[in-house]
Amino acid sequence: MKAVRFHAAKDIRVEDVPGPTKKLGPNDVLIKPLVTGICGTDLHEYIAGPIVTPQTPHVYTGATNPQILGHEFSAVVADKGSAATHVKVGDRVSIQPLISPRDDYYGRRGLYHLSEKMGCVGLSWAWGGMGEYAVVNDYNVAVLPKGVSDIQGAMIEPAAVAVYAVDRGGVQSGSTVLVSGVGPIGALTLLAVKAAGAGQIFVSEPNAFRRKMAKELVPSAIVLDPMTDNVPEYIRSQTEEGVGVDVAIECVGLEASLNTCAASVRRQGKVVQTGLHMKPAAIDAMLWALKDITVEATWCYPVQCWPRIIRMVEAGIFPIEKIVTANISSDHVVKQGFDALLDKSVNHMKILVTV
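Cut-off values and rules
Residues numbered from 1 in each chain as written. Predicted model: local features only at pLDDT ≥ 70, side-chain atom pairs only at ≥ 80, totals over all residues. Heavy atoms only, no water. Helix = DSSP H or I, 4+ residues; strand = E, 2+ residues; numbered from the N terminus. Rg over C-alpha atoms; globule rule 2.2 N^0.38 Å. Buried < 20%, exposed > 50% of the residue type's maximum accessible area, 1.4 Å probe, protein only. Contact = heavy atoms within 4.5 Å. Lys, Arg positive; Asp, Glu negative; His and termini not counted. Charge placed at Lys NZ, Arg CZ, Asp CG, Glu CD. Arc of directions from axis to C-beta. Pairing = 2+ DSSP bridges. Axes fitted to C-alpha atoms, helices over the stretch in contact; angles between N-to-C directions. Parallel < 35°, antiparallel > 145°, perpendicular 65-115°, else oblique. Nonpolar A, V, L, I, M, F, W, Y, C, P; charged D, E, K, R; others polar. Phe/Tyr/Trp six-rings, centres within 6.5 Å; stacked < 30°, edge-to-face > 60°. Lys NZ or Arg CZ within 6 Å of the ring centre and 35° of its normal.

**A few points about the overall build of the chain**
Logical step 1: Per the secondary structure count, the chain includes nine helices and 18 strands.
Logical step 2: For 355 residues, the compact-globule estimate of 2.2 N^0.38 gives 20 Å, and the chain sits close to it at 20 Å.
Logical step 3: Here the chain, with 355 residues, has 51% of them falling under the buried criterion.
Logical step 4: A fraction of 71% describes how many contacts in the chain between residues 6 or more apart in sequence connect residues 24 or more apart.
Logical step 5: The positive charge centre, built from 33 side chains, and the negative charge centre, built from 35, are 3 Å apart in the chain.

**Some remarks on helix 1 (residues 40-48)**
The periodicity of an α-helix, 3.6 residues per turn, causes residues three or four positions apart to be oriented the same way.
Logical step 1: Considered for burial, the residues of helix 1 that qualify are D42, L43, E45 and Y46. Here the buried residues of helix 1 occupy an arc of 160° about the axis, which is enough to place them on one side.
Logical step 2: Here the buried face of helix 1 lies against strand 1 (2-8), strand 2 (11-16), strand 3 (28-37) and helix 9 (333-342).

**Section: the sheet that holds strand 1**
Logical step 1: Read from one edge to the other, the open sheet built from three strands follows the order 2-1-4, with strand pairing classed as antiparallel. Two strands in the sheet have a free side with no partner beyond their single neighbour: strand 2 and strand 4 (67-68).
Logical step 2: Relative to strand 4, strand 1 is paired through two bridges, and the arrangement is antiparallel. Residue pairing across strands places R5 opposite I68, the latter belonging to strand 4.

**Digging into the packing of helix 2 (residues 150-169) against helix 8 (residues 306-314)**
When two helices pack together, their arrangement is given by the angle between their axes and by how far apart the axes lie.
Logical step 1: For the pair helix 2 and helix 8, the least separation of the axes is 9 Å and the interaxial angle reads 105°. As judged from the angle between their axes, helix 2 and helix 8 are roughly perpendicular. On helix 8, the residues touching Q152, I156, E157, A159, A160, V163 and D167 of helix 2 are W306, R308, I309, I310, M312 and V313.
Logical step 2: Among the residues making up the contact of helix 2 with helix 8, the classes are represented as nine nonpolar, one polar and three charged.

**Here's the deal with the packing of aromatic side chains**
Logical step 1: Applying the stated rule across the entire model yields three aromatic pairs.
Logical step 2: Taking 5.1 Å as the distance between ring centres and 50° as the angle between the ring planes, the aromatic pair formed by Y46 and F338 counts as tilted. Of this pair, Y46 sits in helix 1 while F338 is found in helix 9, placing the two residues 292 residues apart along the sequence.
Logical step 3: Take Y46: its relative accessible area is 4%, and that puts it in the buried class.
Logical step 4: Classification of F338 by relative accessible area gives buried; the value is 0%.
Logical step 5: With 5.0 Å between their ring centres and 75° between their planes, Y105 and Y106 make a pair best called edge-to-face.
Logical step 6: Of the residues examined, Y105 reaches a relative accessible area of 46% and is grouped as partly exposed.
Logical step 7: The partly exposed category is assigned to Y106, whose relative accessible area is 24%.
Logical step 8: Lying across the ring of Y133, K32 places its NZ or CZ 4.7 Å from the centre.
Logical step 9: Geometry around Y112 places R102 over its ring, the cationic atom sitting 3.8 Å from the centre.

Below, the structure is given as C-alpha cells:
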C-alpha cells in the first residue's frame, strides 16, 4: 500500500509498504483512512525530529521508525474483530488516536491521556492516517453521523484540544475571553469559545492573514495586533471597570503570549496554557500572586469527548471545517503540505491530505 512515512528531519517519503496482513484480534478495527490533517506536531517532526516518534521500540505500542504519519483523520471501517461491537463494516468514523493501558494508575481513573506509557496513532504506533489502511483499537473509532462530513471527522482531533482548553478555562455563557495566537489550535479555540457562549471575545495575533481569518470565523470578535496594540491595556479599556477578561487562552506557546494572557485577565481570572512551549518561559510570578489568578495547563484531551464534539459539529454550532485552507494528494505531501505550511509567504491554516 501507499503510505507517507517519517524517516528523519526533512526526510518524509511517499512509499510502497506492506499493508496490514495479521489476523485481527477481537478488539481490532481495520480502517481505510479518508482525509488526514497535517498537525503542528508533524511539522515539528519534519523540522527537527525525531522528537516524539520513537527511535527505539515504544514502551507500550512497540512502534519504531519509519513511522507512517497522520493522527488527525477520518476513515471507513473495512473489517473488525468480534468484540468491536459498536461499529460495523462500512461505517464512517473519526479516529481518537491516543493509545494507552486501561489498567495503569491513570487508566483505572479514566485519565487515559495522562498515562506515562501513552502512544499515538501516526506518531508512535505501527499505523497512521497517511496510509491506505490502518489497524486501530476499537476504542479509537467513533462513528460519524450522516450530518458530519469526512473533512469534519478529520478535524475532531484538533478540535478536541481546543474544547479541552475552553473547558479548563470554565468559559460559559457571557464570559469575557482572550484567545492569544490564531494558528490552527487558536482558530479552533476561537470557534469553541463562541460555541460555549462567550459574550465578549478578544483575539491577539500578529499575522495579518490569521487576523483576517479570525474575523471571518467570529465576526463579533475584537481582533488585535500585539505588534502595534497594547493588548492588556486595550482589553482593560473594554471590560467592566477595567478589570480584564475572565479567561485568557494561550495557543501559541510563546513567552510573550503567556505574559500577555496573565496581564489581560482580571483578578481571580484563569489563564489556560494550550500552546506547547519549546523552551522555558520567564514569567512575572508576583503579578500572578497579586492578581490571585489560576493557571491551567493542558495536555491533549480526555478521550471521552469525541461524541460530544461530534454532536457540536452536527448541530452546526462548531464549524471546524472553516479553518481548512487546502486538501491535497499524498503524492504532493512534502511540497504542497509540509513546505507550504512552513513558507511564511504562503497563507495556510490547515492542510488535509488524501492518500
